[in-house]
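Summary of structural features
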Amino acid sequence: MITAIRAGQLIDGKGGPPLRDAVVLVEGQQLKAVGQGIPVPSDAEVVDLSDLTLLPGFVDAHTHISIIPGLGDQIGQLKQGPVPQLMRVVGNVRRMLRSGVTTARIMGEEHFLDVDVRKGIEAGLFVGPRLVISTRPITPSNGHGAALTLSDGSDEVRRTARQNLKAGADFLKLFATGGMSSSVGVDKVCFGDAEIAAIVEEAERGGTYVAAHAHGGMGMRKSLELGVRTIEHAALADPELIELAIKKNAWLVGNFAIGFHPDGIEKGDFHIPEIREKVLRARQVRRKVWGDILKSGVRWALGTDSMHGYLPFEAKMVVEFGAGNMDAIMGMTSRAAQVARVDDRVGTIEAGKYADLVGVRGDPTLDIEALTQVGFLMKDGKRYDHLSID
Ligand SMILES: [Zn+2]
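What you are looking at is a predicted structure, and each value in this text was computed from that prediction instead of being measured.

Moving on to the nonpolar core. By size, the foremost hydrophobic cluster in this structure holds 84 residues, and its most contacted members are Leu174, Met220, Trp290 and Val318. Ranked by residue count, the leading element in this core is helix α10 (residues 273–296), at seven residues. Per-domain counts for this core show at least three residues from each of domain 1 (2–57 + 348–383) and domain 2 (58–339). Residue contacts for methionine 220: discarding those within four places in its chain leaves Thr177, Ala214, His215, Ile231, Ala234, Ala237, Leu241 and Leu252.

Burial runs high along helix α3 (residues 113–122): seven of the 10 residues are buried. Regarding α3, the residues found buried are Leu113, Asp114, Val115, Val117, Arg118, Gly120 and Ile121. For α3, the secondary structure elements touched by its buried residues are α2 (82–98), β6 (101–106), β7 (130–133), α4 (153–167) and β14 (374–379). In the segment just after α3, glycine 124 is the residue with positive phi, at about 80°.

Domain boundaries in the protein define domain 1 (2–57 + 348–383) and domain 2 (58–339). Here domain 1 and domain 2 have C-alpha centroids that lie 29 Å from each other. On the side of domain 2, 24 residues touch domain 1, which itself brings 26 residues to the contact. Here domain 1 and domain 2 share an interface that buries about 1,800 Å² over both sides, 69% of which is from carbon and sulfur atoms. The largest contributions to the domain 1 side of the interface with domain 2 come from Ile368, Leu371 and Lys379, which together make up 31% of the buried area. Linking arginine 130 and aspartate 380 is a salt bridge whose minimum nitrogen-to-oxygen distance equals 2.9 Å. Counting across the domain 1 and domain 2 interface gives seven residue pairs in polar contact (both at pLDDT 80 or more). Within the residue set of the side of domain 1 that touches domain 2, elements represented by two or more residues are β4 (45–56) and β14. The leading source of residues in the side of domain 1 that touches domain 2 is β14, at four residues. Here the residues of the side of domain 1 that touches domain 2 sort into 13 nonpolar, seven polar and six charged.

Attention shifts here to the packing of aromatic side chains. Enumeration over the complete set of coordinates arrives at five aromatic pairs. Ring centres of phenylalanine 256 and tryptophan 290 lie 5.1 Å apart, and the angle between their planes is 90°; on these two criteria the pair is classed as edge-to-face. Here the residue phenylalanine 256 occupies a position in the loop between β11 (251–254) and α8 (257–260), and tryptophan 290 occupies one in helix α10, the gap between them amounting to 34 residues. Using a relative accessible area of 0% as the deciding quantity, one classes phenylalanine 256 as buried. Classification of tryptophan 290 as buried rests on a relative accessible area of 0%. Here the aromatic rings of tryptophan 290 and tryptophan 300 are separated by 6.1 Å at their centres, their planes lie at 90°, and the arrangement is edge-to-face. On the criterion of sequence distance, the pair formed by tryptophan 290 in helix α10 and tryptophan 300 in strand β12 (residues 299–302) is long-range, its members being 10 residues apart. Judged by relative accessible area, which is 4%, tryptophan 300 ranks as buried. The side chain of arginine 105 reaches across the aromatic face of phenylalanine 171, ending 4.9 Å from its centre.

The interhelical angle for the contact between α2 and α3, taken along N-to-C directions, is 45°, at an axis separation of 12 Å. Considered as vectors, α2 and α3 are oriented oblique to each other. In this structure, the crossing between α2 and α3 has a hand that is right-handed. Residues Pro82, Gln85, Leu86, Val89 and Val93 of α2 pack against Leu113, Val117 and Ile121 of α3.

Another point: empty space enclosed by the protein. Over the atoms rolls a probe the size of a water molecule, and in doing so it shows where empty space is left. Counted according to the given criterion, the structure contains two cavities of 30 Å³ or more. Of the pockets and cavities examined, the largest cavity occupies roughly 310 Å³. Every residue lining the largest cavity is counted, 28 residues in all, and those nearest its centre are His144, Ser181, His213, His233 and Asp305. At the level of secondary structure, the elements contributing two or more residues to the lining of the largest cavity comprise α1 (74–79), β8 (172–175), α8 and α10. Grouping the constituent residues of the lining of the largest cavity by class yields 12 nonpolar, 12 polar and four charged. The space that makes up the second largest cavity amounts to roughly 40 Å³. Lining of the second largest cavity is provided by Pro56, Gly57, Thr102, Arg345, Val346, Gly347, Thr348, Tyr354 and Asp356. Looking at the lining of the second largest cavity residue by residue, the class counts come to three nonpolar, four polar and two charged.

The rules behind these values
Residues numbered from 1 in each chain as written. Predicted model: local features only at pLDDT ≥ 70, side-chain atom pairs only at ≥ 80, totals over all residues. Heavy atoms only, no water. Core = buried A, V, L, I, M, F, W, Y, C linked by side-chain atoms within 4.5 Å. Buried < 20%, exposed > 50% of the residue type's maximum accessible area, 1.4 Å probe, protein only. Helix = DSSP H or I, 4+ residues; strand = E, 2+ residues; numbered from the N terminus. Domains from an automatic or database assignment. Contact = heavy atoms within 4.5 Å. Buried area = accessible area lost by both parts, 1.4 Å probe. Salt bridge = Lys/Arg side-chain N within 4 Å of Asp/Glu carboxyl O. Polar contact = N/O pair within 3.5 Å; in protein donor to acceptor, adjacent residues only side chain to side chain. Nonpolar A, V, L, I, M, F, W, Y, C, P; charged D, E, K, R; others polar. Phe/Tyr/Trp six-rings, centres within 6.5 Å; stacked < 30°, edge-to-face > 60°. Lys NZ or Arg CZ within 6 Å of the ring centre and 35° of its normal. Axes fitted to C-alpha atoms, helices over the stretch in contact; angles between N-to-C directions. Parallel < 35°, antiparallel > 145°, perpendicular 65-115°, else oblique. Left-handed = near helix turned anticlockwise from the far one by under 90°. 1 Å grid on protein atoms, 1.4 Å probe; cavity = no way out; pocket = protein on both sides within 12 Å on 5 of 7 lines; lining within 4 Å. Points joined across faces, edges and corners; volume = space filled by probe spheres on them.

Written as structure tokens, this is what we have:
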């Protein structure tokens, strides 16, 4: 059975100008043909989206499934048993999908929750995006992100890394600096060189890579020098560190909603003075830091960091910081897919890729907020635009 989608406008995610009056043929889970003037088979089911702009399914390059920032104490949420966590997961992954996110890179869960949730989504028990997972966060006892799994010294980080990979981790996530939502200062470097190097070695031996939570300073420098592929947050990166990231061909992944949106840390943790101070300081420098990042030519992408449903807000913020609309769209489609190393399957509208498509009202190349107006949604060739928004 072939479905023929007629799109008023099509943005394929590769950065070229939008195509007017395009046709996309979907067969099963896959895109079969894309372009203008493609013949529509006589037995095809035709979907008329001539009033929408069709985009690749969105890819969230950095999030978690079990956390709701507005509830506060994110590390405390990660420390709970699997059942209370799962009660948040089901709504979180549904909200993500409904907002247009068809693939999400998951940046640390306890209890191997992401392994089971991925199976649950694939089995059709509940709806959510395709998940690319890191399983348990790798962090030392005194580090940011320290919930249940603590790994001190080269032997322990190797054990955690190997167990994660055995359980199905697609990549490894470590915490190289403190963070905004805990008492561990953002300048604090948590791991020693030997530990970071050991995790990178285990990842490479396992045919994959390391993502590091790092805001800036020594933790970001060490991560880059020791072979970490993706730097998460980079909220305090200076021009020298950005240069180093370019030299190392690393990626920077930006998360803005969690720090800027009133539903983020502000809602959950601003009653704690040290957290409020850190977030307010980061807000002040973010415009300058991301202005430098955008001008530098370093590779970047966007993630919501547990702000499920807010990926278009990330795009709006990065446009405010100086990115072009099309650049922002690529940061949540094709480039986010590259970050997650699934760009051979998702991230652009091309024949052979998964049929992950989002149709929005309006033209996001002119008004980035059009990305919030989802009127058509397909993942793996199956439609989800009937899902209610809660
Ligand atoms: Zn995160």
